[in-house]
Amino acid sequence: MKNLVIRAVTGALFVAVLVGSILYSPLTFGLLFAFISGLSAWEFATIVNRRAGVRINRPICSMAATYLFVAAFFSVIYADALLFVPYFLVMLYLVIEELYKKSETAIGNLAFTMMSQMYVALPFALLNILEFEGLHPGIYVLTLFIFLWCSDTGAYLTGSLIGRHKLFPSVSPGKTWEGSIGGGVLAVAMSVLVCIYLEVGYTFADVLFWAGMALTVVIFGTWGDLIESLIKRRLGIKDSGHALPGHGGWLDRFDSTLLATPAVIVYLQLWESFSREIF
């Protein structure tokens, strides 16, 4: 009971801070997610250093992830690619550093260093593209998280009630096909409510757009969750960290986001091309 209360309180505070920062202003969104990007990269570096037999540079990987987010934030506003130059110089340093360390795990160090940026830092940085798209700042970022939360809630409830067929038992024994379908149904239902709330006199195209985005989030969010489960299983850990009481670490909370974010960006581009031809 105590763990349930801790989990509920942490979850409520987490959602309140996340939604509040997104809705208040682009600046609060940027500050929060720059912070989360750095902490997530630090957490990733911590678990691979402890469990994967490598030694990557945690402070620099974390600072690089934070800077990548900040550079992406301002580059979207000012359209200045030169903001990324310091980041690439830091990444060059991390690669060259292995020449002088003379480590027997150099290949693993390089691989996990790149993974800390490609798998963790880059998807957070891509959130900036969603932040400044849409009807007003933050709408796509907010709906991305709403669809993810609906998917998780629907999957948990449906899986608990009627879940029988395992989705991916070798990676995540608790997930079922019934749960995933239930999560998808709830997310699509929420997409209709989002459409009604956002659109005055909404059309079939509007409903189709938001439903398609919800399904994209559900599919790629589920894969993101499974990929992190695969990583944790191979590393022999239950949670990526203990930053959020009752919820694990930062990667545990944002694992679905890491794949859903680039997928939604691609979806928006495809929809724009598709809608010009059809509607």
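Scroll up for the structure.
Residues numbered from 1 in each chain as written. Predicted model: local features only at pLDDT ≥ 70, side-chain atom pairs only at ≥ 80, totals over all residues. Heavy atoms only, no water.

Enquirer: Help me out: how do you make sense of the nonpolar core in this one?
Expert: The tendency in soluble globular proteins is for nonpolar side chains to be buried side by side. Within the largest apolar cluster, 66 residues are counted, with the highest numbers of intra-cluster contacts made by Phe33, Phe124, Leu130, Trp210 and Phe254. Ignoring any residue separated from it by four or fewer positions in sequence, one finds Phe33 in contact with Leu18, Ile22, Phe69, Phe124, Leu127, Phe145 and Phe254. (Core = buried A, V, L, I, M, F, W, Y, C linked by side-chain atoms within 4.5 Å. Buried < 20%, exposed > 50% of the residue type's maximum accessible area, 1.4 Å probe, protein only. Contact = heavy atoms within 4.5 Å.)

Enquirer: What's the story with the packing of aromatic side chains in this structure? I'm lost.
Expert: For any pair of aromatic rings, geometry is given as the distance between the ring centres together with the angle between the planes. Following the criterion strictly, the structure yields 22 aromatic pairs and no others. Each ring, one from Tyr87 and one from Phe88, has its centre 5.7 Å from the other, and the planes form 70 degrees; the classification is edge-to-face. By relative accessible area, which is 55% here, Phe88 ends up exposed. Seen from their ring centres, Phe124 and Phe254 are 5.6 Å apart, and the 70 degrees between their planes marks the pair as edge-to-face. Taken together, the residues span a long stretch of sequence, with Phe124 in helix H5 (residues 106-131) and Phe254 in helix H9 (residues 250-278) at a distance of 130 residues. Each member of the pair, Phe124 as well as Phe254, is classed as buried. Aromatic ring contacts, followed pair by pair, group Phe14, Phe29, Phe33, Phe69, Phe124, Phe145, Trp149 and Phe254 into a single cluster. (Phe/Tyr/Trp six-rings, centres within 6.5 Å; stacked < 30°, edge-to-face > 60°. Helix = DSSP H or I, 4+ residues; strand = E, 2+ residues; numbered from the N terminus.)

Enquirer: What am I meant to see in the pattern of salt bridges here?
Expert: For side chains bearing opposite charge, pairing can occur when the charged atoms are close. Within the structure shown, the criterion is met by four salt bridges. Two residues, Lys232 and Glu228, come together in a salt bridge whose shortest N-O distance is 3.6 Å. With Lys232 and Glu228 both in helix H8 (residues 204-235) and four residues apart, this pair spans about one turn of that helix. Grouping residues by exposure puts Lys232 and Glu228 together as buried. Linking Asp252 and Lys232 is a salt bridge whose minimum nitrogen-to-oxygen distance equals 2.9 Å. Linking Asp252 in helix H9 with Lys232 in helix H8, this pair joins segments that are 20 residues apart in sequence. (Salt bridge = Lys/Arg side-chain N within 4 Å of Asp/Glu carboxyl O.)

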